[in-house]
Amino acid sequence: MSAAEKTLAEALAAYDFGAPVVGAMRYGCGHINDTFCVHTQPVDDCCNCYILQRMSAAAFKHPDQLMANIVGVTDYLGEKITAAGGDRSREAMEVIRTREGKSYFTDSEDGAWRVFPFVKDIYCYQTAETPELFAASGRAFGRFQRMLDGYPAETLYETIPHFHDTEDRLAKLKAAIAADAMGRVGECGDEIAFVMAREADCSVALQAQRDGVLPLRVTHNDTKLNNVLIDRRTGEGMCVIDLDTVMPGLSINDFGDSIRFGANHSAEDEKDLSRVNLDLDLYAVYAKAFLEGAGGTLTDAEIEYMPWGAKLMTLECGIRFLTDYLEGDHYFHTQREGQNLDRCRTQFKLVADMEAHWAEMQSIVNRFRKG
Ligand code: ADP
Ligand code: GN1
Ligand code: MG
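What you see is a predicted model, and the numbers here were worked out from it, not measured in a lab.

Colleague: Just to check I follow, could you spell out the packing of aromatic side chains for this structure?
Modeller: Given two aromatic rings, one states the distance between the centres and the angle between the planes to describe the pair. Across all of its chains, the model carries 15 aromatic pairs by this definition. Their ring planes at 70° and their centres at 5.5 Å tell us that Tyr-27 and Phe-118 sit as a pair that is edge-to-face. Within this pair, whereas Tyr-27 is found in the loop between β1 (21–26) and β2 (34–40), its partner Phe-118 is found in the loop between β5 (112–117) and β6 (122–123), the two being separated by 91 residues in sequence. With a centroid separation of 5.8 Å and an interplanar angle of 70°, the aromatic rings of Phe-255 and Tyr-283 are classed as edge-to-face. On the criterion of sequence distance, the pair formed by Phe-255 in helix α9 (residues 251–262) and Tyr-283 in helix α10 (residues 280–294) is long-range, its members being 28 residues apart. Taken together through their ring pairs, the aromatic side chains of Phe-134, Phe-255, Tyr-283, Tyr-286 and Phe-290 make up a single cluster. The ring of Tyr-325 is capped by Arg-184, whose NZ or CZ atom sits 4.2 Å from the centre of that ring.

Colleague: Where do I start with the packing of helix α6 (residues 166–179) against helix α12 (residues 306–327) in this structure?
Modeller: Angle between the axes and distance between the axes are the two parameters that describe a pair of packed helices. Relative orientation of the contacting elements α6 and α12 amounts to 25°, with a least axis distance of 9 Å. By the criterion of interaxial angle, the relationship of α6 to α12 is roughly parallel. Once α6 is placed against α12, the crossing between them reads as left-handed. Contacts between α6 and α12 pair Thr-166, Arg-169, Leu-170, Lys-172, Leu-173, Ala-176 and Ile-177 from the former with Glu-316, Ile-319, Arg-320, Leu-322, Thr-323, Leu-326 and Glu-327 from the latter.

Colleague: Where do I start with the side chain of Asn-253 in this structure?
Modeller: Relative to the helices and strands, Asn-253 is located in helix α9. If near-sequence neighbours (up to four positions away) are discounted, Asn-253 is found in contact with His-164, Thr-223, Gly-309 and Met-313.

Colleague: Help me understand the site of ligand 2, please; the structure alone is not making it clear to me.
Modeller: Around ligand 2, the surrounding shell holds 19 residues, and the nearest of these are His-31, Lys-224, Glu-268, Arg-320 and Tyr-331. One of the backbone nitrogen or oxygen atoms of His-31 is found 2.8 Å away from an oxygen atom of ligand 2. For ligand 2, an oxygen atom lies 2.9 Å from a polar atom in the side chain of Asp-242. Summarising the interface, the protein chains cover 98% of the accessible area of ligand 2, which totals 440 Å² for the free molecule. More than half of the atoms of ligand 2 fall within 2 Å of the grid points belonging to the largest pocket. Looking at the shell around ligand 2, the elements that each hand over two or more residues are α9 and α12. It is α12 that contributes the most residues to the shell around ligand 2, three residues altogether. Its residues assigned to classes, the shell around ligand 2 comprises eight nonpolar, four polar and seven charged. Taken domain by domain, the makeup of the shell around ligand 2 includes at least three residues from each of domain 1 (3–118) and domain 2 (131–369).

Colleague: When you look at the layout of surface pockets in this model, what are you seeing that I'm missing?
Modeller: Gaps left between atoms are located by rolling a probe of water-molecule size over the structure's atoms. The calculated volume of the largest pocket comes to roughly 820 Å³. Lining the largest pocket are 45 residues, with Gly-30, Asn-226, Asn-227, Ile-241 and Asp-242 sitting closest to its centre. Going through the elements one at a time, β3 (49–54), β5, α9 and α12 are the ones with two or more residues in the lining of the largest pocket. Tallying contributions element by element places α12 first for the lining of the largest pocket, with five residues. Here the lining of the largest pocket is built from residues that sort into 23 nonpolar, 12 polar and 10 charged.

Colleague: Is there a simple way to think about the nonpolar core in this case?
Modeller: Ile-259, Leu-322 and Leu-326 are the most contacted members of the largest nonpolar core, which has 103 residues in total. Among the elements that make up this core, the one with the highest residue count is α12 (11 residues). The residues that make up this core include at least three from each of domain 1 (3–118) and domain 2 (131–369). Ignoring any residue separated from it by four or fewer positions in sequence, one finds Leu-322 in contact with Leu-173, Cys-188, Glu-191, Ile-192, Val-195, Leu-341, Cys-344 and Phe-348.

Colleague: Is there a simple way to explain the domain arrangement of the chain in this structure?
Modeller: Interfaces are often sized by the accessible area lost when the parts come together. Entries for the chain in the domain assignment read domain 1 (3–118) and domain 2 (131–369). A separation of 26 Å is found between the C-alpha centroids of domain 1 and domain 2. On the side of domain 2, 26 residues touch domain 1, which itself brings 26 residues to the contact. With both chains or domains summed, domain 1 and domain 2 bury close to 2,400 Å², and 63% of this area falls on carbon and sulfur atoms. Across the contact surface, domain 1 and domain 2 share two salt bridges. In this structure, the salt-bridge partner of Asp-244 is Arg-114, at a minimum N-O distance of 2.7 Å. Our enumeration of links across domain 1 and domain 2 arrives at seven residue pairs in polar contact (both at pLDDT 80 or more). For the side of domain 1 that touches domain 2, the secondary structure elements donating two or more residues are α3 (63–83) and α4 (88–91). Sorting elements by how many residues they give to the side of domain 1 that touches domain 2 places α3 first, with 12 residues. Of the residues contributing to the side of domain 1 that touches domain 2, the split by class is 14 nonpolar, seven polar and five charged.

About the thresholds
Residues numbered from 1 in each chain as written. Chains lettered and ligands numbered in written order. Predicted model: local features only at pLDDT ≥ 70, side-chain atom pairs only at ≥ 80, totals over all residues. Heavy atoms only, no water. Phe/Tyr/Trp six-rings, centres within 6.5 Å; stacked < 30°, edge-to-face > 60°. Helix = DSSP H or I, 4+ residues; strand = E, 2+ residues; numbered from the N terminus. Lys NZ or Arg CZ within 6 Å of the ring centre and 35° of its normal. Axes fitted to C-alpha atoms, helices over the stretch in contact; angles between N-to-C directions. Parallel < 35°, antiparallel > 145°, perpendicular 65-115°, else oblique. Left-handed = near helix turned anticlockwise from the far one by under 90°. Contact = heavy atoms within 4.5 Å. Near = heavy atom within 4 Å. Polar contact = N/O pair within 3.5 Å; in protein donor to acceptor, adjacent residues only side chain to side chain. Areas by Shrake-Rupley, 256 points an atom, 1.4 Å probe, with all protein chains shown as cover. 1 Å grid on protein atoms, 1.4 Å probe; cavity = no way out; pocket = protein on both sides within 12 Å on 5 of 7 lines; lining within 4 Å. Sits in = over half its atoms within 2 Å of the grid points. Nonpolar A, V, L, I, M, F, W, Y, C, P; charged D, E, K, R; others polar. Domains from an automatic or database assignment. Points joined across faces, edges and corners; volume = space filled by probe spheres on them. Core = buried A, V, L, I, M, F, W, Y, C linked by side-chain atoms within 4.5 Å. Buried < 20%, exposed > 50% of the residue type's maximum accessible area, 1.4 Å probe, protein only. Buried area = accessible area lost by both parts, 1.4 Å probe. Salt bridge = Lys/Arg side-chain N within 4 Å of Asp/Glu carboxyl O.

Structure below.
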């Protein structure tokens, strides 16, 4: 029994779900938190569902700060959505309080749990099945960033320090190589060489930020397609979820992480690398939609650096998978041996593909520059 199942009953007892709980099953494909879907006994023909999550202790050291960020951001978005005539219960997340009125529950083993209403009549995709769907997610993430434009960034805790600090990610990889805790360095020679040949790239966005070329904004920082819920009725991106990493960051990273995950037709851990290719049409569709959603808030410099966002988020993610593999798979959930190395390889294949299509990636986004 995994650690989460051990204290699941304690977590369930900490909440009033409005009716007896009939089941709690593992749910979704996230790599970080332990997610369960809770079903209650139907009352008046209505069976309610909730998302119950044990927050990853490997990723988040301060659940109090994490939850303070999420309550702040969801309250802020909720007010904006209501003011615009939207449906707050479907378009923004809402933190359900424990029986003691707290935003999260701490179990007897120090695990931290939280609950959200399960948003119904939605799709949550692992790959972009159609360009329209990918565009819908792009509009949602662009809109999310625009809606948080006025959010007081200084009140946000840094839930994972140096999260998209690619220079720091590289330094951590080098430390993992030096330690070789699992004796796996020998089998990763090609992947390590791939990163070392791109050491200078790791500084490009950070240097542009240090030079004042790229502004810091409140960003999502984990804009995978499966972190947006798509409305079944309209096909539009309705609710942005997984708000654990909302922090000050770069807009190009929110763009880039979506491209990394969604602008191809393969799974993140695909073993057959011939199937892993950047789809430039999806890249173009997403760029247009993300900028539409952002509603003119991005500067020309941010638009110009969008291809760098795509390349660096992909390279960085590959570096993170490789580091976790070398350290013994403590951070990303894995279901099989070698999965993090396979994930690393798909990322590096995508990086190589982006480099081969660099001029096209630039010319696609340059169309959207204002000046
Ligand atoms: P992780 O950080 O592990 O990725 P997420 O918060 O993204 O965790 O949740 C994992 C999955 O659970 C999501 O990809 C989605 O499928 C589902 N999910 C999360 N929150 C909700 C919600 N409020 N309503 C419906 N599905 C949800
Ligand atoms: C994790 O939480 P999830 O599964 O949406 C990770 C992202 C990675 C992604 C790779 C908090 O995202 O940074 O890009 O896996 N989230 C965290 O699939 O580390
Ligand atoms: Mg997620």
